[in-house]
Amino acid sequence: MGQPAGEHHHRRDELVKRSRRAVQWLQPGLVVKRWVLTSALGLVVALLGAAIWADLKPIYWTITAIETLLRSLAGAGGGFTGPLVLLLGAAMILIGQSRSFGSIQRALAPHQNETALVDALVAQRRLNRGPNIVAIGGGTGLSTLLSGLKRYSGNLTAIVTVADDGGSSGILRRELGVQPPGDIRNCLAALAREEPLLTKLFQYRFTAGSGLEGHSFGNLFISALTAITGSLETAITASSKVLAVQGQVVPATSSDVRLWAELEDGRRLEGESNIGKADSPIVRLGCTPSRPAALPRALEAIAQADLIVLGPGSLYTSLLPNLLVPQLVEAIGRSQAPRLYICNLMTQPGETDGLDVAGHLRAIEAQLATHGVQGRLFDAVLAQEALASGPELNYYRARGAEPVHCDVKKLKKQGYVVMLASMQGKQQRSAGRASRGTLRHEPRNLALAVMRFYRNSQKNKSN
């Protein structure tokens with residue numbers, strides 16, 4: 001009896017898949033074939049050396065054997081034997097590399113199939129060729145951006161504010177004397193390539209326990225490493241190895257920075273957590289010490305950057321604190337890379353009431369001017385397309401937030417490069433029995449818009 005049609009098709013499809021998989025291994029840039037070939041040639045050379053040492057005359061006998069084989073094959077006609085030998089050699093190569101790479105796969109990752117390994121190598125090659133991107137900011141905005149960008153490049157550097165003094169980070173900062181780890185933890189988790197369970201563990205927040213409630217495991221882990229190694233930078237490096245981080249996370253400064261803000265009504269607020277609750281417009285932001293030093297790794301990343309991004313995130317508590325580090329500002333100013341500011345979707349009550357995109361840009365430039373920086377640091381802006389009305393928007397408006405409006409014509413007249421994109425995503429948040437959506441940047445949409453801006457800037461540069 002013949003085989004069922006379904007089984008025949010399945011075997012044929014499996015054969016096609018295996019053939020494609022074998023061909024995939026032959027793609028250039030996987031940095032595997034060259035070492036397999038080197039090993040094979042090394043084996044041949046070693047055998048040849050041993051034969052010469054034993055006076056077996058290997059070259060003579062090899063040439064004699066090849067001549068004998070060629071005479072035998074010539075009798076059958078070159079039109080037949082040539083293609084036959086060629087196909088035989090190709091089949092031996094494909095079978096050999098398929099079996100050898102399969103053995104490597106089973107040894108290194110026994111729970112993955114061979115397709116996953118070759119796909120991972122191809123993806124890693126693509127990421128290694130991605131642009132050097134420096135993302136500056138803090139809070140959830142920066143980690144959202146990083147989780148999207150890691151699909152496009154493996155050469156990412158996150159420069160993160162260390163001015164947080166609220167929540168778990170604030171408690172650890174006050175009680176242990178360490179720099180706040182919260183924003184750094186979020187960025188490490190966003191760039192992690194390790195097992196999802198390990199990333200969840202790093203982000204786990206204790207909900208009970210005397211002294212533990214409210215703390216995340218990652219915050220405690222980084223704080224403990226900081227105490228052991230003596231520096232936050234070394235602790236981040238160790239954490240990056242644990243999570244197999246794609247890229248690097250660098251604090252904006254190693255100084256113990258304390259923010260302050262002067263309000264329009266003349267008051268002065270101390271501390272990042274208080275500034276975020278300001279009920280009067282902020283006219284000036286500063287920090288103690290007044291001129292914190294930047295880390296060399298951050299300056300080096302900016303010097304090598306193909307793209308520098310600021311935002312998204314809270315204007316006065318996540319973004320501008322990084323620009324209070326003079327060396328960072330100077331390095332950004334010297335860079336020839338395109339520089340992009342990503343504006344928030346919604347205003348933040350108290351902090352950015354009534355500010356449109358142009359208002360956010362003015363605030364950045366005014367802040368830099370108070371520290372002696374003239375001219376624009378970011379001359380391109382990425383903003384959200386008009387948001388459609390809905391329950392989420394009504395929820396925000398009821399609490400004093402509005403969509404950040406972008407007057408494209410006005411900004412272009414001022415010399416800005418303006419790009420609009422649909423970057424929002426809806427996340428469900430429980431509220432008692434009801435559930436409401438929160439308007440946030442969606443990682444994929446946000447990263448896609450950033451990469452589109454980068455490609456456009458590259459095209460304009462080459463024209």
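What you see is a predicted model; the values in this text were computed from it and never measured.

Draft legend 1. Representation of the pairing of strand β8 (residues 339-342) in the model. Going residue by residue along β8, you find Arg339 and Tyr341 tucked away on one face and Leu340 and Ile342 tucked away on the opposite face as well. As paired strands, strand β7 (residues 307-310) and β8 are joined by 3 bridges and run parallel to one another. Its bridge partner being in β8, leucine 310 is matched across the sheet by tyrosine 341. Relative to strand β9 (residues 380-384), β8 runs parallel, the two sharing 3 bridges. Within β9, the position partnered with leucine 340 by the bridge is alanine 380. Taken together, β8, helix α16 (residues 357-370) and β9 form a β-α-β motif whose crossover is right-handed.

Draft legend 2. Region of interest: the packing of aromatic side chains. What the rule picks out here adds up to 4 aromatic pairs. Geometrically, the ring pair formed by phenylalanine 202 and phenylalanine 221 is edge-to-face, given 5.8 Å between the ring centres and 70 degrees between the ring planes. Of this pair, phenylalanine 202 sits in helix α9 (residues 196-203) while phenylalanine 221 sits in helix α10 (residues 217-229), and the two are 19 residues apart along the sequence. With relative accessibility at 4%, the residue phenylalanine 202 sits in the buried group. Using a relative accessible area of 26% as the deciding quantity, one classes phenylalanine 221 as partly exposed. An angle of 80 degrees between the planes, with centres 5.2 Å apart, marks the rings of tyrosine 204 and phenylalanine 206 as edge-to-face.

Draft legend 3. Structural context of the pattern of salt bridges. Inspection of every chain in the model, using the stated rule, returns 9 salt bridges. A salt bridge links arginine 268 to glutamate 270; the shortest N-O distance between them is 2.9 Å. Assessed through its relative accessible area of 43%, arginine 268 is described here as partly exposed. Glutamate 270 sits in the partly exposed class, given a relative accessible area of 43%. Put simply, glutamate 402 and arginine 397 hold a salt bridge, and the shortest N to O gap is 3.0 Å.

Draft legend 4. Structural view of α16. For α16, built from 14 residues, the straight-helix expectation of 20 Å at 1.5 Å per residue is met to within 8% by its first-to-last C-alpha distance of 20 Å. Of the positions making up α16, those classed as buried are Val357, Ala358, Gly359, His360, Leu361, Ala363, Ile364, Gln367 and Leu368. The N-capping residue of α16, defined by a side-chain oxygen 3.3 Å from the backbone nitrogen of alanine 358, is aspartate 356. One or two residues past the end of α16 sits glycine 372, with phi positive at roughly 85 degrees.

Draft legend 5. Region of the structure containing the sheet that holds strand β5 (residues 268-270). The sheet built from 3 strands is open, its strands ordered β5-β4-β6 with antiparallel pairing. Looking at strand neighbours, the two that pair on one side only are β5 and β6 (282-288), the edges of this open sheet. Pairs of neighbouring strands in the sheet enclose a mean axial angle of 20 degrees, with direction left out of account. Examined bridge by bridge, strand β4 (residues 258-263) and β5 share 3 bridges and lie antiparallel to one another. Note on β5: the bridge partner recorded for tryptophan 260 is glutamate 270.

Cut-off values and rules
- Residues numbered from 1 in each chain as written.
- Predicted model: local features only at pLDDT ≥ 70, side-chain atom pairs only at ≥ 80, totals over all residues.
- Heavy atoms only, no water.
- Buried < 20%, exposed > 50% of the residue type's maximum accessible area, 1.4 Å probe, protein only.
- Helix = DSSP H or I, 4+ residues; strand = E, 2+ residues; numbered from the N terminus.
- Pairing = 2+ DSSP bridges.
- Right-handed = clockwise from strand over helix to strand, strands pointing away.
- Phe/Tyr/Trp six-rings, centres within 6.5 Å; stacked < 30°, edge-to-face > 60°.
- Salt bridge = Lys/Arg side-chain N within 4 Å of Asp/Glu carboxyl O.
- Expected span 1.5 Å × (residues − 1).
- Polar contact = N/O pair within 3.5 Å; in protein donor to acceptor, adjacent residues only side chain to side chain.
- Axes fitted to C-alpha atoms, helices over the stretch in contact; angles between N-to-C directions.

This is a description of form; function is not addressed.
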